[in-house]
Amino acid sequence: MVPSRLDSPQARPIDLRSDAITTPTDSMWEAMRAADLGWASAGQDTLLVELEETVAKLAGKEKALYVLTGGMANLVALMTHTRRGDQVVLDSRSHILWCEEWGLSYICGLTARSVDGVRGQISPDAVVDAINDSLYRHRPRTSLLCLENPDNTFGEAADVGYVASVSNVAHELGASVHLDGARVLNACAALDVELHDMLAPVDSAMISLNKGLSAPGGAILVGTAEFISEARMNVRRLGGSSFHQCGIHAAAALVAFREMLPQLAEDNRRAAALAEALRHVTGVTVDQGRAPTNMVIVAPDPGLMSARGFVDGLETHGVLGYISGENTVRFVTHRHIGDDDIAHAAEAAAAVAESFAASNAKQPAIGT
Ligand SMILES: Cc1ncc(COP(=O)(O)O)c(C=O)c1O
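The model shown is predicted, which means the values in this text are computed figures rather than measured ones. Every chain is numbered on its own, with residues counted from 1 as its sequence reads. Given that the model is predicted, a residue must reach a pLDDT of at least 70 before its local features are reported, and side-chain atom pairs must reach 80 or more before they are shown or counted; all residues, however, enter totals for whole chains, interfaces and linings. For the side-chain quantities, the full set of heavy atoms in the structure was used; hydrogens and water were omitted.

A.B. asks: How do you make sense of the site of the ligand when you look at a structure like this?
C.D. replies: Proximity is defined per residue: if any heavy atom of the residue lies within 4 Å of a molecule or strand, that residue is considered near it. Contacts to the ligand come from 14 residues, most closely from Gly70, Gly71, Asp180, Arg183 and Asn210. A 1.4 Å probe and the Shrake-Rupley method give the accessible areas. Residues count as covered only by the protein chains that appear here. When the free accessible area of the ligand is taken as 390 Å², the share hidden by the protein chains comes to 82%. Of the grid points, spaced at 1 Å and generated over the protein atoms alone, those admitting a 1.4 Å probe that cannot get out make up cavities, while open sets with protein on both sides within 12 Å along at least five of seven lines make up pockets; any residue with an atom within 4 Å of a point is treated as lining. In this scheme, a molecule is assigned to a cavity or pocket if more than half of its atoms are within 2 Å of the grid points. Judged by the proximity of its atoms to the pocket grid, the ligand belongs to the largest pocket. Numbering of helices and strands runs from the N terminus, with a helix taken as a DSSP run of H or I at least four residues long and a strand as a DSSP run of E at least two residues long. Counting residues per element, the shell around the ligand draws most heavily on helix α3 (residues 70-81), at three residues. Note on residue classes: Ala, Val, Leu, Ile, Met, Phe, Trp, Tyr, Cys and Pro are nonpolar, Asp, Glu, Lys and Arg are charged, and everything else, Gly too, is polar. Of the residues belonging to the shell around the ligand, the class tally is two nonpolar, seven polar and five charged.

And the structure:
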């Protein structure tokens, strides 16, 4: 029997809002303290060089580039693949559109052609339609298709077959393909696929260091030597090239690639355990697809409680969730979440649902 956390509200919260809250591991702190730093912006930091070479090899691409944030890495990819005035095709719920669109429009001068995918996956036919629009001369030239794997709305991993089929049609129609792979290593773990196989069909990809990998910050952009050389110039144009002691981050990121990959599989496993436990809670519906990663999406029964009510109720039990849609709550597992936390989170969800059911039962029925 798991001791009830519900009785000890002073315990640290079980923070399931995002894997972006992860902090460096002890060995990352040690590596950062011991880091032999060079002048990174002059290309003289051996740790940064080692990190970029390591990730390029893992990703099966010619070169890699450390960028300060995942959002900036995506922005640099957009700048590098396109010309001002071009059109970019992307899923209507993608992070690049929802959270980074100001960069797409304000900095790159691009038009977003959003397409409703199914659980983040745009069909090859929809890509053809979106790109072919430009043949009628009313639409701008499409130079880029952006994919996201896993998608950040459902946490659904897309398999290599899908990534290849959709990338092929984009390439045939003259567009490059960039993959926002903030959590692509979770997708690889879920599907038991090597990173270089997953990324083989795409021209470039961004991989976050600061999510499940638990490094303190940054992302890696991978692609051809020519693409990365131009991307380096674009990082400079954005004012992002002078992180002079960036080797501190590189030291932590190298530890992440050496030690944290098995953790991502554990995070996926714990998300599956949470989904399974929540399926037994009356008053919430769990939404997980065929290839889930480290996210669990839950829809509270609107007749019982709102997403806000559910999240606020959970917080009183020391469990933090994230309102991800009008009536959905997202839980994300990561290295600070253990098996006991999963059990307690499910216990808290049941307690919240029960208390809403009890207080609703006390309300007089309308019209009587
Ligand atoms: C799918 C996806 N892409 C990009 C980003 C941006 O990464 P960063 O927070 O490092 O800018 C995030 C952040 O959560 C994300 O979930």
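A.B. asks: Looking at this structure, I do not really get helix α11 (residues 247-259). What am I missing?
C.D. replies: Three- or four-residue spacings in an α-helix give side chains the same orientation, since the helix completes a turn every 3.6 residues. If you check α11, its first and last C-alpha atoms are 18 Å apart, about what 13 residues at 1.5 Å a residue would give, namely 18 Å. Here α11 lies mainly inside the structure; 10 of its 13 residues are buried. Only protein chains enter the accessibility calculation, which uses a 1.4 Å probe; a residue whose area is less than 20% of its type maximum is buried, one above 50% is exposed, and one in between is partly exposed. Those residues of α11 that fall on the buried side of the exposure criterion are Gly247, His249, Ala250, Ala251, Ala252, Ala253, Leu254, Val255, Ala256 and Phe257. In what follows, residue pairs with any heavy atoms lying within 4.5 Å of each other are defined as contacts. Its buried side turned inward, α11 meets α1 (26-34), α2 (46-59), β2 (63-67), α8 (184-191) and α12 (261-279). Multiply 1.5 Å by the residue count of a helix minus one, and that product is the helix's expected span.

A.B. asks: Just to check I follow, could you spell out unusual backbone geometry for this structure?
C.D. replies: Only a minority of non-glycine residues have a phi that is not negative, and only a minority of peptide bonds are not trans. Along the chain, asparagine 149 connects to proline 150 via a cis peptide bond; the corresponding omega equals -5°. With respect to the helices, strands and loops of the structure, proline 150 is situated in the loop between β5 (142-148) and α7 (160-172). One non-glycine residue, arginine 119, lies in positive phi territory at about 50°. Mapped onto the elements of the fold, arginine 119 is located in the loop between β4 (111-115) and α6 (124-132). Although it is not a glycine, aspartate 192 adopts a positive phi angle of roughly 55°. Relative to the helices and strands, aspartate 192 is located in the loop between α8 and α9 (195-199).

A.B. asks: Can you help me understand the sheet that holds β2 in this one?
C.D. replies: Note: strands within a sheet are paired through backbone hydrogen bonds, in either parallel or antiparallel orientation. By the convention used here, strands pair only if DSSP detects at least 2 bridges between them. Taken in spatial order, the seven strands line up as β2-β8-β7-β6-β5-β3-β4 in an open sheet, and their pairing is mixed. Among the strands making up the open sheet, the edge pair consists of β2 and β4. Pairwise comparison of adjacent strand axes, ignoring direction, gives a mean angle of 20° for this sheet. Strand direction decides the pairing type here: strand β7 (residues 204-208) and strand β8 (residues 219-223), joined by four bridges, are antiparallel. The partner of serine 208 across the bridge, within β8, is alanine 219. Fitted lines through C-alpha atoms serve as axes, helices being fitted only where they are in contact, and the angles separating the N-to-C directions of these axes extend from 0 to 180 degrees.

A.B. asks: Hey, could you run me through the domain arrangement of the chain in this one?
C.D. replies: How big an interface is tends to be expressed through the accessible area that disappears when the partners come together. How far each domain reaches was decided by an automatic or database domain assignment. Segmenting the chain into domains produces domain 1 (5-22 + 261-361) and domain 2 (26-258). Once you take the C-alpha centre of each, domain 1 and domain 2 turn out to be 29 Å apart. The partner domain 2 presents 24 residues to the 22 residues of domain 1 that form the contact. Both sides of the domain 1 and domain 2 interface together cover about 1800 Å² of buried area, and 49% of this is carbon and sulfur. Here a salt bridge means any side-chain nitrogen of Lys or Arg lying within 4 Å of a carboxyl oxygen belonging to Asp or Glu. Taken together, domain 1 and domain 2 are joined by two salt bridges. Distance and chemistry together define a polar contact, namely a pair of N or O atoms within 3.5 Å, with one atom able to donate a hydrogen and the other to accept it when in protein, and with adjacent residues in sequence counting only for side-chain atoms on both sides. There are 10 residue pairs in polar contact (both at pLDDT 80 or more) connecting domain 1 and domain 2. It is α12 that provides the largest number of residues to the side of domain 1 that touches domain 2, a total of five residues. By buried area we mean how much accessible surface two parts lose on assembly, using a 1.4 Å probe and totalling the loss over both.

A.B. asks: Any chance you could explain the nonpolar core here in plain terms?
C.D. replies: Working definition of a nonpolar core: buried Ala, Val, Leu, Ile, Met, Phe, Trp, Tyr and Cys residues. They are joined through side-chain atoms within 4.5 Å. Of all hydrophobic cores here, the largest spans 55 residues; its most connected members are Leu51, Leu145, Leu147, Val184 and Leu199. With eight residues, the top contributor of residues to this core is α11. Dropping the residues within four chain positions of it, valine 184 is found in contact with Asn149, Pro150, Leu179, Leu195, Met198, Leu199 and Ile207. Ranked by size, the runner-up nonpolar core spans 28 residues in total, among them Leu16, Leu278, Val329 and Ile337.

A.B. asks: I'm lost on the layout of surface pockets in this one. Help?
C.D. replies: Grid points are joined across faces, edges and corners, and a volume is the space filled by probe spheres set on the points. Of the voids in this model, the largest pocket is the one considered here, and its volume is about 500 Å³. What lines the largest pocket is a set of 24 residues, and nearest its centre among them are His95, Cys99, Asn152, Tyr322 and Arg330. Contributing elements (two or more residues each) for the lining of the largest pocket: α3, α4 (95-98), β7 and β12 (322-325). Here the element with the most residues in the lining of the largest pocket is β12; it accounts for three residues. Considered class by class, the residues forming the lining of the largest pocket number eight nonpolar, nine polar and seven charged. Structurally, the lining of the largest pocket is a two-domain feature, drawing no fewer than three residues from each of domain 1 (5-22 + 261-361) and domain 2 (26-258). Of the pockets and cavities examined, the second largest pocket occupies roughly 340 Å³. At the level of secondary structure, the elements contributing two or more residues to the lining of the second largest pocket comprise α2, β2 and α10 (225-237). At four residues, α10 tops the list of elements feeding residues into the lining of the second largest pocket. Residue classes in the lining of the second largest pocket are distributed as 11 nonpolar, five polar and four charged.

A.B. asks: Teacher, can you tell me more about the pairing of strand β10 (residues 295-300) here?
C.D. replies: On a regular strand, one side chain projects to one face of the sheet and the next to the other, so that they alternate. Counted residue by residue, β10 has five buried out of six residues, so it is predominantly covered. Pairing between strand β9 (residues 284-287) and β10: four bridges, direction antiparallel. Across the sheet, valine 286 pairs through a bridge with valine 298, a residue of β10. For β10 and strand β13 (residues 328-332), the ladder comprises four bridges, and the chain directions are antiparallel. By the bridge assignment for β13, valine 298 is matched with valine 329.

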